[in-house]
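# Coordinate analysis (summary)
Residues per chain are reported as follows:
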Amino acid sequence: MIDNLPKFKYHPNLYNLGIVKFKNGICNCCGKITNAYIQNMYTSEEIDCICLKCVSNGEASKKFDGEFVQDAEKISDKDKIDELFRRTPGYISWQGEHWLACCDDYCEYIGTVGISELNEMNISEEVFKEFDNSGLSSDFCESLKKDGSPCGYLFRCLHCGKYRIWIDAV
Ligand SMILES: [Zn+2]
Ligand SMILES: [Zn+2]
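Procedures and definitions
- Residues numbered from 1 in each chain as written.
- Chains lettered and ligands numbered in written order.
- Predicted model: local features only at pLDDT ≥ 70, side-chain atom pairs only at ≥ 80, totals over all residues.
- Buried ≥ 20, exposed ≤ 12 C-beta atoms within 10 Å, placed from the backbone.
- Helix = DSSP H or I, 4+ residues; strand = E, 2+ residues; numbered from the N terminus.
- Pairing = 2+ DSSP bridges.
- Axes fitted to C-alpha atoms, helices over the stretch in contact; angles between N-to-C directions.
- Contact = placed C-beta atoms within 7 Å.
- Domains from an automatic or database assignment.
- Nonpolar A, V, L, I, M, F, W, Y, C, P; charged D, E, K, R; others polar.
- Core = buried A, V, L, I, M, F, W, Y, C linked by C-beta atoms within 7 Å.

### Focus on the pairing of strand β10 (residues 151-156)
Across the 6 residues of β10, 5 count as buried, placing the element largely inside the fold. One ladder, built from 5 bridges, connects strand β9 (residues 108-113) with β10; its direction is antiparallel. Of the residues in β10, the one forming a bridge with Val-113 is Gly-152. When β10 meets strand β11 (residues 163-168), the two strands line up antiparallel, connected through 6 bridges. Paired with Phe-155 across the bridge in β11 is Arg-164.

Here you go:
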């Protein structure tokens, strides 16, 4: 089933992160029956079902004058900004998306992580060194929990391969 769904450059694991509902619904945008949809969009309209095709082709963003991502780091390419905000689903977080960038492009979003996932991947040092408030105490870093609070959101640069992390909490 997933084979027929659109792919998203900045969201390679989209279909495994609990963001997409695999249920029958009627897309608020195209009006067609769908069995895979998202429920969240930043718009003043009431929406609860947008099929992935209407996300990826920009139709939902146009029709509801909305975006799927709350916030992101700055990059210069307007097409890429449009692709992320208006044609890429958001991700699940406590405080809303804060999409990280690197090499003047958005990173791909890998998923939520805690300290054990980071240690397993052997990248804790790399990502904590990079994190904005690098004055992070080791206690704080150790307290990161996948889908807990504080929670880590892991990204990887599509160009240089560097891992970066964003952290938020309830
Ligand atoms: Zn649709
Ligand atoms: Zn990079």
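### Some remarks on the sheet that holds β9
Spatially, β9-β10-β11 is the arrangement adopted by the 3 strands of the open sheet, whose pairing is antiparallel. Unpaired on one side and paired on the other, β9 and β11 mark the two borders of the sheet. The mean angle between the axes of side-by-side strands here comes to 25°, regardless of whether they run parallel or antiparallel.

### Quick notes on the environment of Ala-72
By the element assignment, Ala-72 lies in strand β5 (residues 71-72). Using a count of 18 C-beta atoms within 10 Å as the deciding quantity, one classes Ala-72 as partly exposed. Taking the C-alpha atoms as reference points, Ala-72 and Glu-97, separated by 25 residues in sequence, lie 7.3 Å from one another. Excluding anything up to four places from it in sequence, Ala-72 contacts Leu-84, His-98, Trp-99, Ala-101 and Tyr-106.

### Considerations on the domain arrangement of the protein
As far as domains go, the protein holds domain 1 (10-71) and domain 2 (91-170). In this structure, domain 1 and domain 2 have C-alpha centres spaced 25 Å apart. Tallying the contact residues gives 10 residues for domain 1 and 11 residues for domain 2. Broken down by class, the residue content of the side of domain 1 that touches domain 2 amounts to 5 nonpolar, 4 polar and 1 charged.

### Considerations on the nonpolar core
Nonpolar side chains in soluble globular proteins tend to be buried together. Formed by 39 residues in total, the largest nonpolar core has its most connected members in Ile-50, Cys-54, Val-55, Tyr-153, Leu-154 and Phe-155. Those elements that place two or more of their residues in this core are β3 (37-38), β4 (50-51), α1 (52-56), α3 (78-87), β9, α5 (124-130), β10 and β11. A domain-level breakdown of this core finds at least three residues from each of domain 1 (10-71) and domain 2 (91-170). Apart from the residues within four sequence positions on either side, Phe-155 is in contact with Leu-100, Cys-107, Glu-108, Tyr-109, Ile-110 and Arg-164.

### Topic: the environment of Arg-164
Looking at the element boundaries, Arg-164 is found in strand β11. In this structure Arg-164 comes out as buried when scored by C-beta crowding, with 21 C-beta atoms within 10 Å. Spatially, the C-alpha atoms of Arg-164 and Cys-102 are 8.7 Å apart, while their sequence positions differ by 62 residues. Not counting residues within four places of it along the chain, the set of residues in contact with Arg-164 comprises Leu-100, Cys-102, Cys-107, Val-127, Glu-130 and Phe-155.

### Topic: unusual backbone geometry
The amide bond that connects Ser-149 to the next residue, Pro-150, takes the cis arrangement and shows omega of 0°. Here Pro-150 is to be found in the loop between α6 (138-142) and β10. Positive phi is not limited to glycine here, since Cys-103 has a value of about 55°. Tracing the chain through its elements places Cys-103 in the loop between β7 (101-102) and β8 (105-106). When the 13 C-beta atoms within 10 Å are taken as the criterion, Cys-103 is described as partly exposed. The backbone of Asp-147 sits at a positive phi, close to 60°, despite the residue not being glycine. Structurally, Asp-147 can be placed in the loop between α6 and β10. Accessibility expressed as a C-beta count within 10 Å gives 14 for Asp-147, which makes it partly exposed.

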